[in-house]
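Take a look at the letters that make up each chain.
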Amino acid sequence: MRIIAFEPRHAQAWRSLNEAWISKHFAIEAKDRAVLDDPKGKILDRGGHIFMAERDGEVIGCVALIAMADGGYEVAKMTVTEAARGTGLGRLLMQACIDKARADGAPRLYLETNSSLAPALGLYRAMGFVDLDPAMRPPSDYARCDVWMERPV
């Protein structure tokens, strides 16, 4: 498995991977559609990054870092294929995010998720994310969001 930066050739895999996991658990929302249909304009051109995971030339996972106003990054759209689950790929993708944020001098990583996604929550906590105090939670663009987390870089 290798983690590489998003290239235009990844656009369809980016969309398909994310549509698959989101539609399995939730409805695809307006913000989902915006970043899935235009990752260059909505993420990359705004100072963010996208990492793709490949195995034997096949895309099997992805994650985005969306630039935030405070210099941090929001971790978003992290998923791996069903066949790649349990391989440690999620940890590798999150470590790529941490390493990139550290290299860029970002103060923190932030994410929004849902309490029903137990394996993802376990990974986030294992990688140093903690739940935000309710008073510190910004409004979310996602109806499905009921967990806000962050970790210092």
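Q: Honestly, the packing of helix α1 (residues 11-25) against helix α2 (residues 30-37) in this entry has me stumped. Any pointers?
A: Between α1 and α2, whose axes approach to 9 Å, the crossing angle comes to 160 degrees. Regarding the angle of α1 to α2, the classification is roughly antiparallel. Remark: the crossing between α1 and α2 carries right-handed chirality. Residue-level contacts link Trp14, Arg15, Asn18, Glu19 and Ile22 of α1 to Asp32, Arg33, Val35, Leu36 and Asp37 of α2.

Q: Help me understand the layout of surface pockets in this model?
A: Any empty space left between the atoms is revealed when a probe the size of a water molecule rolls over them. For the largest pocket, the calculated volume is near 800 Å³. Around the largest pocket, the lining comprises 34 residues; the ones closest to its centre are Met78, Thr79, Leu117, Ala120 and Tyr124. Residue assignment for the lining of the largest pocket shows that the elements contributing at least two residues are α1, β4 (73-80), α4 (89-103), β5 (108-113) and α5 (118-126). Among the elements that line the lining of the largest pocket, the one with the most residues is β4, at 7 residues. Grouping the amino acids of the lining of the largest pocket by side-chain chemistry returns 17 nonpolar, 9 polar and 8 charged.

Q: Looking at this structure, how should I read the pattern of salt bridges?
A: Side chains bearing opposite charge may pair, as long as their charged atoms lie close to each other. Under the defined criterion, the tally for this structure stands at 18 salt bridges. Linking Glu74 and Lys31 is a salt bridge whose minimum nitrogen-to-oxygen distance equals 3.8 Å. Here Glu74 is found in strand β4, whereas its partner Lys31 is found in helix α2, with 43 residues between them in sequence. Under the relative-accessibility criterion, Lys31 is labelled partly exposed at 23%. In this structure, Arg33 engages Asp37 in a salt bridge whose closest nitrogen and oxygen atoms are separated by 3.0 Å. One end of the pair is Arg33 and the other is Asp37, both in helix α2 and 4 residues apart, which spans about a single turn. For Asp37, a relative accessible area of 41% corresponds to the partly exposed category. Taken together, the salt bridges that share partners define one network made up of Arg2, Glu7, Arg9 and Glu54.

Q: Explanation requested: the environment of Gly122 in the structure shown.
A: As for its placement among the helices and strands, Gly122 is situated in helix α5. By relative accessible area, which is 40% here, Gly122 ends up partly exposed. Along the primary structure Gly122 and Ala64 are separated by 58 residues, whereas in three dimensions their C-alpha atoms are 19 Å apart.

Q: It is not clear to me how the nonpolar core should be interpreted in this structure. Could you clarify?
A: As a rule of thumb, nonpolar side chains are buried together in soluble globular proteins. Core analysis: the largest hydrophobic core is formed by 27 residues, its most contacted members being Val75, Leu93, Met94, Cys97, Leu109 and Phe129. Ranked by the residues each element gives to this core, the list is headed by α4, at 7 residues. Among the nonpolar cores identified, the runner-up in size contains 18 residues, and Leu17, Ile22, Ile50 and Ile66 belong to it.

Q: Could you clarify how one ought to interpret α2 in this entry?
A: Because an α-helix completes one turn every 3.6 residues, residues spaced three or four positions apart along the sequence face the same direction. For α2, the set of buried residues is Asp32, Val35 and Leu36. Down the axis of α2, the buried side of the element spans an arc of 100 degrees, and every buried residue falls inside it. The elements touched by buried residues of α2 are α1, α3 (39-42) and β4.

Q: Can you walk me through the sheet that holds strand β3 (residues 58-67) in this structure?
A: In a beta sheet, neighbouring strands pair by backbone hydrogen bonds and run either parallel or antiparallel. Pairing in this open sheet of 7 strands is mixed, and the strands run β1-β2-β3-β4-β5-β7-β6 from one edge to the other. Of all strands in the sheet, those bounded by a partner on one side alone are β1 (2-5) and β6 (130-131). Pairing analysis gives 6 bridges linking β5 to strand β7 (residues 147-152), with the strands arranged antiparallel. If you follow Leu111 over to β7, its bridge partner there is Met149. α1 contacts β2 (49-55), β3 and β4 of the sheet and is inclined by roughly 85 degrees relative to β3.

Reading guide: rules and limits
- Residues numbered from 1 in each chain as written.
- Predicted model: local features only at pLDDT ≥ 70, side-chain atom pairs only at ≥ 80, totals over all residues.
- Heavy atoms only, no water.
- Axes fitted to C-alpha atoms, helices over the stretch in contact; angles between N-to-C directions.
- Helix = DSSP H or I, 4+ residues; strand = E, 2+ residues; numbered from the N terminus.
- Parallel < 35°, antiparallel > 145°, perpendicular 65-115°, else oblique.
- Left-handed = near helix turned anticlockwise from the far one by under 90°.
- Contact = heavy atoms within 4.5 Å.
- 1 Å grid on protein atoms, 1.4 Å probe; cavity = no way out; pocket = protein on both sides within 12 Å on 5 of 7 lines; lining within 4 Å.
- Points joined across faces, edges and corners; volume = space filled by probe spheres on them.
- Nonpolar A, V, L, I, M, F, W, Y, C, P; charged D, E, K, R; others polar.
- Salt bridge = Lys/Arg side-chain N within 4 Å of Asp/Glu carboxyl O.
- Buried < 20%, exposed > 50% of the residue type's maximum accessible area, 1.4 Å probe, protein only.
- Core = buried A, V, L, I, M, F, W, Y, C linked by side-chain atoms within 4.5 Å.
- Arc of directions from axis to C-beta.
- Pairing = 2+ DSSP bridges.

Remember, this is a structural readout, not a statement about activity or role.
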